[in-house]
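Overview (structure and organization)
Chain by chain, the residues:
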Amino acid sequence: MRPLVAEIDLGALRHNYRLACECAPHSQSVAVIKADAYGHGAIECARALEGLAPAFAVASTEEALVLRHAGIQSPIVLLEGIFEVSELALVDEHRLWMAVHTDWQLDALLAFKPRQPIPVWLKVDSGMHRLGFSPPRAEQIWQTLSQAPQVTALHLMSHFATADAEDTDYLQYQMTMLQALAECLDAPMCLANSPATLAHPVAHGHWNRPGVMLYGSDPLEVANATSRQLAPVMTLRSEVIAIRELEAGEPVGYGGRWRAPGRAKVAVVAAGYGDGYDRHAIDGTPVLVNGQPARIAGKVSMDMLTVDVTHVPDTRIGSEVVLWGRAANGAVLPVDHVARYCDTISYTLLTGVLPRVPRRYHPCPPSSPTAM
């Protein structure tokens with residue numbers, strides 16, 4: 001059997017969720033498990049968090065129904081609301097919560113007759129300029145929805161454009177606008193994403209929305225004491241399947257991008273862009289071989305990649321290769337670190353692991369991370 005596997009530590013997931021709650025002890029934290037729990041498996045992650053998290057959040061009705069059909073009964077928030085009017089019947093049937101961010105959604109909701117009122121999060125565009133109503137328009141809609149028999153548990157919701165940044169000026173601009181609106185309406189709020197949960201207590205509301213931090217990725221430009229406690233949930237692990245001894249100047253891989261600077265030993269690893277590993281990884285992208293640092297040498301192929309293991313003398317056929325996550329010896333290669341070498345972010349790496357890579361789930365709690 002091909003040795004590449006994505007190992008999912010559900011104990012680490014629960015640890016990270018608890019950390020989000022510790023950041024904001026006076027808030028409730030909805031666990032964001034959209035995009036198949038950021039590539040980790042939404043059903044398995046929801047089952048691991050059910051009873052710990054009071055609610056889950058997804059992007060669409062389709063994602064919510066996957067959870068309902070798997071037996072998940074906790075509240076589920078549709079972060080983008082509905083995409084068609086017909087979905088309101090499913091929202092009602094499956095007791096979903098929904099965001100309202102545009103006029104046609106508002107009109108559809110007010111024309112609908114649910115069997116029971118629907119919890120609604122009214123989305124305000126406070127400066128992200130993606131989804132939501134302007135604050136003056138949101139104030140008008142709030143008054144309408146607060147009196148509508150179709151609606152219950154009405155909250156204000158918004159999203160931060162720069163919560164991950166060290167410069168907090170724009171976040172403060174958004175917060176000033178949102179606080180004024182919330183005070184005017186006496187409205188409960190849901191504002192904080194992962195970086196705001198970790199670093200900006202001013203943004204902690206009645207609900208927070210931790211997402212990528214649940215999976216062990218640090219979303220902050222500059223890590224803080226709390227984000228350093230995040231534990232990796234996914235370990236993308238494979239093995240060495242071949243070893244090549246090269247002379248100085250000999251090339252490796254398509255286009256011969258990397259050439260041996262001297263006598264070198266190169267390991268061939270069963271993983272490639274056909275598995276979702278990023279083809280943009282440059283020479284020098286870190287991996288762990290037998291828990292020791294090594295570097296990618298040459299372009300990533302569809303099913304294989306090559307690693308310079310000249311300085312990892314114990315490399316053998318079958319040696320463990322960790323592309324991100326935790327090695328058998330406890331060493332950790334953060335997915336955020338790998339993402340920088342691919343000119344991307346951890347989100348794309350985690351959600352990009354393709355279905356042909358089997359997921360293996362481990363319920364044991366994480367050990368103390370030893371990051372590179």
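All of the points below concern the structure found in this document. (Residues numbered from 1 in each chain as written. Predicted model: local features only at pLDDT ≥ 70, side-chain atom pairs only at ≥ 80, totals over all residues. Heavy atoms only, no water.)

**Things to note about the overall build of the protein chain**
- Helix and strand counts for the protein chain stand at eleven helices and 21 strands.
- Computed over its C-alpha atoms, the radius of gyration of the protein chain comes to 23 Å, within 12% of the 21 Å expected for a compact globule of 372 residues.
- In terms of overall dimensions, the protein chain has a C-alpha envelope of 75 × 45 × 40 Å along the principal axes.
- Within the structure as shown, the protein chain displays about 15,900 Å² of accessible surface, and the carbon and sulfur contribution to it stands at 53%.
- Mean positive and mean negative side-chain charge positions of the protein chain (29 and 38 charges, respectively) differ by 7 Å. (Helix = DSSP H or I, 4+ residues; strand = E, 2+ residues; numbered from the N terminus. Rg over C-alpha atoms; globule rule 2.2 N^0.38 Å. Areas by Shrake-Rupley, 256 points an atom, 1.4 Å probe, with all protein chains shown as cover. Lys, Arg positive; Asp, Glu negative; His and termini not counted. Charge placed at Lys NZ, Arg CZ, Asp CG, Glu CD.)

**Focus on the packing of aromatic side chains**
- A complete count under the given rule lists seven aromatic pairs for this structure.
- Members of the aromatic cluster, joined through ring pairs, are Tyr38, Tyr215 and Tyr347. (Phe/Tyr/Trp six-rings, centres within 6.5 Å; stacked < 30°, edge-to-face > 60°.)

**A closer look at the nonpolar core**
- Ranked by internal contacts, the top residues of the largest apolar core, which has 111 residues, are Met98, Leu156, Tyr277 and Trp324.
- Per element, the largest residue contribution to this core is six residues, and it comes from helix 8 (residues 169–185).
- If we ignore the near neighbours within four places in the chain, the residues touching Trp324 are Met234, Thr235, Leu236, Tyr277, Leu333, Val335, Val338, Leu349, Leu350 and Val353. (Core = buried A, V, L, I, M, F, W, Y, C linked by side-chain atoms within 4.5 Å. Buried < 20%, exposed > 50% of the residue type's maximum accessible area, 1.4 Å probe, protein only. Contact = heavy atoms within 4.5 Å.)

**Comments concerning the environment of Asp343**
- Along the chain, the position of Asp343 falls in the loop between helix 10 (335–341) and helix 11 (346–352).
- Taking the relative accessible area as the measure of exposure, Asp343 reaches 74% and is therefore exposed.
- C-alpha separation for the pair Asp343 and Phe112, spaced 231 residues apart in sequence, amounts to 46 Å.

**Structural notes on the packing of helix 1 (residues 10–23) against helix 3 (residues 42–49)**
- Relative orientation of the contacting elements helix 1 and helix 3 amounts to 60°, with a least axis distance of 10 Å. Judged on the interaxial angle alone, helix 3 and helix 1 are oblique. In this structure, helix 1 meets helix 3 at a crossing whose hand is right-handed. Residues Leu10, Leu13, Arg14 and Tyr17 of helix 1 form the contact with helix 3, whose participating residues are Glu44, Cys45, Ala48 and Leu49.
- Of the residues belonging to the contact of helix 1 with helix 3, the class tally is six nonpolar, no polar and two charged. (Axes fitted to C-alpha atoms, helices over the stretch in contact; angles between N-to-C directions. Parallel < 35°, antiparallel > 145°, perpendicular 65-115°, else oblique. Left-handed = near helix turned anticlockwise from the far one by under 90°. Nonpolar A, V, L, I, M, F, W, Y, C, P; charged D, E, K, R; others polar.)

**Some thoughts on helix 3**
- Listed in full, the buried residues belonging to helix 3 are Ala42, Cys45, Ala46, Ala48 and Leu49. Considered in projection along helix 3, the buried side chains sweep an arc of 160° and stay on one side of the axis.
- Packed against the buried residues of helix 3 are helix 1, strand 3 (31–32), helix 2 (34–39), strand 4 (56–58) and helix 4 (61–69).
- Just past helix 3, the residue Gly51 takes up positive phi, approximately 95°. (Arc of directions from axis to C-beta.)

**Description of the packing of helix 6 (residues 103–111) against helix 7 (residues 135–146)**
- Where helix 6 meets helix 7, the closest approach of the two axes is 12 Å, and the angle between their N-to-C directions is 10°. Relative to helix 7, the element helix 6 is oriented roughly parallel. Residues Asp103, Leu106, Leu109 and Leu110 of helix 6 touch helix 7, and the partners they reach there are Arg137, Ile141, Thr144 and Leu145.
- Of the residues contributing to the contact of helix 6 with helix 7, the split by class is five nonpolar, one polar and two charged.

**Examining the pairing of strand 8 (residues 151–157)**
- Along strand 8, five of the seven residues are buried, which leaves the element largely enclosed by surrounding structure.
- Pairing between strand 7 (residues 118–123) and strand 8: five bridges, direction parallel. Paired with Lys123 across the two strands is Met157, which belongs to strand 8.
- After leaving strand 7, the chain enters helix 7 and then returns to the sheet as strand 8, a path that is right-handed. (Pairing = 2+ DSSP bridges. Right-handed = clockwise from strand over helix to strand, strands pointing away.)

**Examining the environment of Val338**
- Residue position: Val338 is located in helix 10.
- Since its relative accessible area comes to 0%, Val338 is described here as buried.
- Along the backbone, Val338 and Pro286 are 52 residues apart, and their C-alpha atoms lie at a distance of 6.5 Å.
- Leave out the neighbours within four places in its chain, and Val338 touches Tyr277, Thr285, Pro286, Leu323, Trp324, Leu333 and Leu349.

**A few points about a negative patch on the surface**
- Among the surface-exposed residues, Asp164, Glu166, Asp167, Asp169 and Glu221 lie close enough to one another that they form a single negatively charged patch.
- What makes Glu166 exposed here is its relative accessible area of 60%. (Patch = residues over 30% accessible without salt bridge, like charges linked within 9 Å, V, L, I, M, F, W, Y side chains within 5 Å. Salt bridge = Lys/Arg side-chain N within 4 Å of Asp/Glu carboxyl O.)

**Description of the pattern of salt bridges**
- Following the criterion strictly, the structure yields nine salt bridges and no others.
- Linking Asp275 and Arg356 is a salt bridge whose minimum nitrogen-to-oxygen distance equals 2.6 Å. With Asp275 in the loop between strand 14 (264–269) and strand 15 (286–289) and Arg356 in the loop between helix 11 and strand 20 (359–362), this pair connects stretches of sequence that are 81 residues apart.
- Arg356 gets classed as partly exposed once you look at its relative accessible area, which sits at 43%.
- Where Asp303 meets Arg356, a salt bridge forms, and the shortest distance between an N and an O atom there is 2.6 Å. Of this pair, Asp303 sits in the loop between strand 16 (292–296) and strand 17 (305–308) while Arg356 sits in the loop between helix 11 and strand 20, and the two are 53 residues apart along the sequence.
- Using a relative accessible area of 32% as the deciding quantity, one classes Asp303 as partly exposed.
- Through salt bridges with shared partners, a single network forms among Arg2, Asp275, Asp303 and Arg356.

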